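Listed here are the chains, written in short residue letters.
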Amino acid sequence: MRVAYFQQQECSLSEFSQLVEVTLTQVTVPLADQIEKNVPIYDVAGHRTKLEDPDQRRALMSEWADVLLSGPGVLVLRGAYADTEVLDQATAIYDQIIAEEKDASGGGADHFAASGANDRIWNSLEKLCVASPEVFLRYFSNTAVAAVCEAWLGPNYQMTAQVNLVHPGGAAQLAHRDYHLGFQSADISASYPAHVHDLSPVLTLQGGIAHCDIPVEGGPTKLLPFSQKYRAGYAAWRRDDFRAYFEDHYIQLPLEKGDALFFSPALFHAAGANSSADIHRMVNLLQISSAFGRAMETVDRRKMCKLLYPAAKAAVAASTLDPSEIRSAVAACAEGYSFPTNLDRDPPVGGLAPVTQQALFLGALEAGHTPDVFSADLDALVERQLAS
């Protein structure tokens with residue numbers, strides 16, 4: 001059997017509709033607290049103790065991975081942030097960044113929405129860390145967010161984030177799939193063989209953290225559960241008939257401040273229209289990449305590590321965060337994969353791979369190194385990894 005390629009004209013709307021016109025049952029998602037419009041909802045308050053037990057954590061992660069792969073392709077962590085004070089602090093920082101960037105350049109554009117419909121902060125991950133390492137530490141110390149990232153991508157994932165602020169009257173996006181193949185032109189996407197279309201969704205996880213209450217009139221994300229299962233979807237999503245079907249069948253879930261939504265990048269989705277009079281919809285869009293893939297944004301993780309280390313060291317000393325929360329925050333900041341590197345200068349010692357930024361960071365905390373010592377060790381690591 002020869003390798004197949006997906007072409008737009010060969011996509012079948014009837015096959016697509018058969019995949020998505022199904023009903024999710026509790027039998028499929030026994031750990032979910034409820035199902036709403038085919039989307040499993042997990043009340044994080046009732047699952048936090050499970051995240052502390054390795055076996056229960058693995059069971060929960062296994063269900064989440066199944067939801068994203070062969071289930072509806074989307075899940076909600078209700079109350080992912082029990083204490084939303086850190087979201088308010090981050091929101092204040094993001095509002096300031098938006099104002100400064102608009103003064104400097106007029107603000108960022110959007111991938112799938114008209115210019116001026118919203119405000120964007122590209123690389124909100126690094127910019128939050130630079131503005132306030134302490135807020136960054138508490139924001140990304142979220143063990144539930146870390147667990148769903150690991151459930152889909154495995155360990156050593158690469159966190160990136162972009163803030164999207166949609167004002168009243170902001171128009172909806174067009175239905176689409178996301179990074180990697182969703183960000184290629186139709187011709188380029190079609191030039192990749194079918195098995196690469198299968199691979200693309202498992203390299204990225206899409207997420208969103210609600211920084212405010214988002215009722216339906218505020219324009220929460222429009223979603224088409226189970227649409228990620230259509231193999232030819234990266235060829236199909238640009239077709240008018242598929243987009244029309246999406247508009248006739250999508251669902252929207254209201255979110256409360258502190259909720260987190262995660263979905264497969266292959267899910268047909270689009271930001272909704274903000275038809276409210278006074279809701280300025282702010283969502284921090286998380287795009288998490290596999291250690292084996294290429295993240296969309298370049299992030300200065302060395303700088304972030306140096307900024308975050310004193311705050312993490314202080315949190316360890318004061319016991320304000322437990323070890324799993326510290327690991328979650330470090331995972332969002334430091335590079336967790338050893339490669340690519342210069343193996344002449346950075347050989348594996350005592351194992352198959354050289355030390356990572358994450359391992360260096362956590363080891364320095366355990367050893368009680370000063371920020372200056374950690375900074376020097378981090379610089380030495382980065383220098384060893386350089387090509388020449």
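Bear in mind that the values here come from a model prediction, so they are computed numbers and not experimental data. (Residues numbered from 1 in each chain as written. Predicted model: local features only at pLDDT ≥ 70, side-chain atom pairs only at ≥ 80, totals over all residues. Heavy atoms only, no water.)

> A description of the pairing of strand 10 (residues 281–289) should follow, citing residues and the corresponding values.
Looking along a regular strand, one sees side chains alternate from face to face of the sheet. The element strand 10 is extensively covered by neighbouring structure, given that eight of its nine residues are classed as buried. Of the strand pairs in this sheet, strand 5 (residues 158–166) and strand 10 are connected by nine bridges, and their pairing is antiparallel. Looking at strand 10, one finds that Leu165 is bridged to Met282. Where strand 6 (residues 204–210) lies against strand 10, seven bridges are found, and the strand directions are antiparallel. Residue Ala210 lies in a different strand from strand 10, and its bridge partner there is Val283. (Buried < 20%, exposed > 50% of the residue type's maximum accessible area, 1.4 Å probe, protein only. Helix = DSSP H or I, 4+ residues; strand = E, 2+ residues; numbered from the N terminus. Pairing = 2+ DSSP bridges.)

> An account of the layout of surface pockets is requested, with residue identities and associated values reported.
Here the largest pocket defines a volume of roughly 520 Å³. Lining the largest pocket are 18 residues, with Gln158, Val299, Arg301, Glu335 and Pro340 sitting closest to its centre. Mapped by element, the contributors of at least two residues to the lining of the largest pocket are strand 5, helix 12 (301–318) and helix 15 (371–385). Its residues placed into classes, the lining of the largest pocket shows seven nonpolar, seven polar and four charged. (1 Å grid on protein atoms, 1.4 Å probe; cavity = no way out; pocket = protein on both sides within 12 Å on 5 of 7 lines; lining within 4 Å. Points joined across faces, edges and corners; volume = space filled by probe spheres on them. Nonpolar A, V, L, I, M, F, W, Y, C, P; charged D, E, K, R; others polar.)

> Give me the pattern of salt bridges: which residues, what numbers.
Applying the stated criterion across every chain yields a total of 12 salt bridges. The closest approach of N and O atoms between Lys257 and Asp88, which form a salt bridge, is 2.9 Å. Taken together, the residues span a long stretch of sequence, with Lys257 in the loop between helix 11 (240–249) and strand 8 (260–263) and Asp88 in helix 4 (residues 85–105) at a distance of 169 residues. For Asp88, a relative accessible area of 36% puts it in the partly exposed group. Across the pair Asp379 and Lys306 runs a salt bridge, and its minimum N-O distance is 2.7 Å. Note that Asp379 is positioned in helix 15 and Lys306 in helix 12, a separation of 73 residues in sequence. Look at Lys306 and you get partly exposed, because its relative accessible area is 30%. (Salt bridge = Lys/Arg side-chain N within 4 Å of Asp/Glu carboxyl O.)

> Break down empty space enclosed by the protein for me, with residues and values.
A full pass over the atoms with the stated rule returns four cavities of 30 Å³ or more. When its volume is computed, the largest cavity comes out at roughly 420 Å³. Lining the largest cavity are 32 residues, with Gln173, Thr221, Phe263, His269 and Leu285 sitting closest to its centre. Among the elements of the structure, strand 5, strand 6, strand 8, strand 9 (269–270) and strand 10 are those that each provide at least two residues to the lining of the largest cavity. A class-by-class count of the residues in the lining of the largest cavity yields 16 nonpolar, 12 polar and four charged.

> Requested: an account of the nonpolar core, with residues and values cited.
In this structure, Leu77, Phe136 and Phe262 are the most contacted members of the largest nonpolar core, which totals 96 residues. With nine residues, helix 7 (residues 143–153) is the largest single contributor of residues to this core. Ignoring any residue separated from it by four or fewer positions in sequence, one finds Phe136 in contact with Leu125, Leu128, Cys129, Met304, Leu308, Ala329, Ala332 and Cys333. Counting residues in hydrophobic clusters, the runner-up holds 15 residues, among them Val39, Val74, Val76 and Ala210. (Core = buried A, V, L, I, M, F, W, Y, C linked by side-chain atoms within 4.5 Å. Contact = heavy atoms within 4.5 Å.)

> I'd like a description of the side chain of Asn284, backed by residues and values.
You can see Asn284 is positioned in strand 10. Residue Asn284 is classed as buried on the basis of its relative accessible area, which comes to 0%. Separated by 3.0 Å, the side chains of Asn284 and Ser124 make a polar contact. Discounting residues that sit within four places of it in the chain, Asn284 has contacts with Tyr94, Ser124, Tyr139, Ala161, Gln162, Val163, Gly207, Gly208, Ile209 and His211. (Polar contact = N/O pair within 3.5 Å; in protein donor to acceptor, adjacent residues only side chain to side chain.)

> Can you lay out the side chain of Thr204 for me, pointing to particular residues and giving the numbers?
Among the structural elements, Thr204 can be located in strand 6. Excluding anything up to four places from it in sequence, Thr204 contacts Trp152, Leu153, Tyr179, His180, Pro265, Gln287, Ile288 and Ser289.

> An account of helix 1 (residues 13–20) is requested, with residue identities and associated values reported.
Two residues of an α-helix separated by three or four positions point the same way, owing to the 3.6 residues in each turn. Along helix 1, the positions that sit buried rather than exposed are Phe16, Ser17 and Val20. Buried residues of helix 1, seen end-on, are gathered within an arc of 95 degrees and therefore sit on one face of the element. The elements touched by buried residues of helix 1 are helix 11. (Arc of directions from axis to C-beta.)

> Could you give an account of the pairing of strand 3 (residues 74–78), with specific residues and numbers?
Most of strand 3 sits inside the fold, with four of its five residues counted as buried. Taken together, the three bridges between strand 2 (residues 39–43) and strand 3 define a ladder with parallel strand orientation. Following the sheet pairing, Tyr42 is matched in strand 3 by Leu77.

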